[in-house]
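Structure assessment
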Amino acid sequence: MSQALVRIAAGWLLGLMLAVAGAIVAINLVNNTLASPQQPVREYVAALQSGEGGKALGLLRATVPPSNAAMLDGTALQTAASRFSNVNIGEAEERPGGQVMVPMEYSIDGSRLRTEFALQKTGAEWIFFNTWAFVPSRLPTVDVTVVNSSEATVNGVDVNMPNGRNSFAVFYPGEYEATVNGEYFSAPATRATVTARDAPVAPLNLLTQATDNLKTDVTAKVREFLDGCAAQAVKEQKLQPDCPFYYASNNRVQDGTIKWSVTEYPNVAIEPFDGRWVVAPLDGKAKVEALQQNLFTGAWYPLDEEVDFSFTTRLDVAGDTIKVTPLLSF
C-alpha cells in the first residue's frame, strides 16, 4: 500500500473517530439537557406559569381528587405560580426502583422553599436518547371556609362556597390566597403555600366582617324608620305611638301640641350569629314636647321629657339589597 493510500486511510479513520466522539458528546449533551429528567420538570413549571392546566396535568400524570377544579387552569393557576421566583432545578438523584428525584428550589415571599419530583425512565428515542416521565400521583387539595357567605375569591377567581366551605384541587408548588371583597361583607386575605403532593396544608379560614358600607346603609334605614315613626306619632298626636319610644302620663295633653323627635340615634353594630348576620339591640333617646294640664290644679304647663328606648331588628341581605325589619313588642 502506498504512502498516499495510508495517509488517506488514516485521515478517514481519524475523521470517523472524531465523528463518533462528536456523536457521543452530542448524545451525552442531549441526555443531560433535553432528554434529562429535569426537562419534564422545566416543561411542567412553564405550563404552570402560563396557566395551561391541561398540559401541566398531563405532564404530571396526576389524578384529580373529588373537589372543585377552579384552581387548575387560567388566571388562578397563573397566580399560584407567579408568586415563586429564583427557581433552580437541581441535579437528579437516584432512587430505588429505577426512579430519580429532581429537586426544585425557589422563593415565595422571601422564604426559600424546596419541592421534590419523582420521575422514572420510560424508554429511549432513536435508541440513544432517554425519555423520562413523572411518577403518577394525585393532586393535593386546599380547603377554604368562610363565615356567613356563599361566595369567596381564591387567587383572583370568584368561587361558590356552599354552606360556607369548599375544597379545591391544586397544583404544586404554588401559593393560594382566599379573601372576601363584597360591598357589604369582607374578610382579610389568608394564604397557603403548597410545596408537595402529600404536604399537609392548613385550611384557609375566612373571618367575614360587615363592611362600613353595610353599617352606613343599615344606620340610614334605622334613622329613616325612627324619623318616620316620630313624624307619624306627631301626625296622630300620640304619647304612646307604635314606635320604640313612648311616654306615660296621667295628665291631660292638649291636642295639637304633641311633638316627638329623636335626640340620640342608636349606634349600629352588626355581628355573625348562628349562621346569619344580626344587628345588636338598638338603644337611643327621644324627646316628647306638649302642653299638659294638671288634673288636680287645672294649670297648664309644658311637657318636655327625654325618654330612653330600645328595640331589635331583623337584617336580610341579598346581593346588593338590604332589608331592616324593626321588631317591636307592645
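Figured I'd write up the structure that's included with this text. (Residues numbered from 1 in each chain as written. Predicted model: local features only at pLDDT ≥ 70, side-chain atom pairs only at ≥ 80, totals over all residues. Heavy atoms only, no water.)

If you tally the helices and strands in the chain, you get five helices and 22 strands. Here the chain holds 330 residues, and 38% of them are scored as buried. Long-range pairs, those at least 24 residues apart, make up 55% of the contacts in the chain with a sequence separation of at least 6. With the model as given, the accessible surface of the chain reaches about 18,400 Å², and the carbon-plus-sulfur share is 52%. (Helix = DSSP H or I, 4+ residues; strand = E, 2+ residues; numbered from the N terminus. Buried < 20%, exposed > 50% of the residue type's maximum accessible area, 1.4 Å probe, protein only. Contact = heavy atoms within 4.5 Å. Areas by Shrake-Rupley, 256 points an atom, 1.4 Å probe, with all protein chains shown as cover.)

What the three strands build is an open sheet, ordered β11-β8-β14; its pairing is mixed. If you trace the sheet from one side to the other, it starts and ends with β11 (165-169) and β14 (204-206), each paired once. Looking at each pair of strands side by side, their axes are set apart by 15° on average, direction ignored. Bridge analysis of strand β8 (residues 141-146) against β14 gives three bridges, and the strand direction is parallel. Note on β14: the bridge partner recorded for Val146 is Leu206. (Pairing = 2+ DSSP bridges. Axes fitted to C-alpha atoms, helices over the stretch in contact; angles between N-to-C directions.)

Here the focus is helix α2 (residues 38-49). Taking 1.5 Å of rise per residue, 12 residues should cover 16 Å, and α2 covers 17 Å from first to last C-alpha, within 8% of that figure. Every buried residue of α2 is listed here: Gln38, Gln39, Pro40, Val41, Tyr44, Val45, Ala47 and Leu48. At the exit of α2 stands Gly51, carrying a positive phi of roughly 75°. (Expected span 1.5 Å × (residues − 1).)

The next subject is the packing of α2 against helix α3 (residues 53-60). Closest axis-to-axis distance for the α2/α3 pair is 8 Å, and the angle between their directions is 155°. The orientation of α2 with respect to α3, classified from their angle, is roughly antiparallel. Where α2 crosses over α3, the handedness of that crossing is left-handed. Residues Glu43, Tyr44, Ala47 and Leu48 of α2 pack against Lys55, Ala56, Leu59 and Leu60 of α3. Here the residues of the contact of α2 with α3 are counted per class, giving six nonpolar, no polar and two charged. (Parallel < 35°, antiparallel > 145°, perpendicular 65-115°, else oblique. Left-handed = near helix turned anticlockwise from the far one by under 90°. Nonpolar A, V, L, I, M, F, W, Y, C, P; charged D, E, K, R; others polar.)

Among the structural elements, Ser167 can be located in strand β11. If near-sequence neighbours (up to four positions away) are discounted, Ser167 is found in contact with Ser67, Asn68, Thr141, Val142 and Asp143.

Let us look at α3. Taken together, the buried positions of α3 are Gly53, Ala56, Leu59 and Leu60. The buried residues of α3 occupy an angular sector of 130° when projected down its axis, which confines them to one face. Arg61, located one to two residues past α3, shows a positive phi value of around 55°. (Arc of directions from axis to C-beta.)

Turning to the state of the cysteines, a few remarks are in order. Overall, the coordinates contain one disulfide when judged by the stated rule. With its sulfur 1.9 Å from that of its partner, Cys229 forms a disulfide with Cys243. The sign of the S-S torsion, about -110°, decides the handedness of the disulfide formed by Cys229 and Cys243: left-handed. Of the two residues, Cys229 is situated in helix α5 (residues 212-236) and Cys243 in the loop between α5 and β16 (252-253); the sequence distance between them amounts to 14 residues. A relative accessible area of 7% places Cys229 in the buried class. (Disulfide = S-S within 2.5 Å.)

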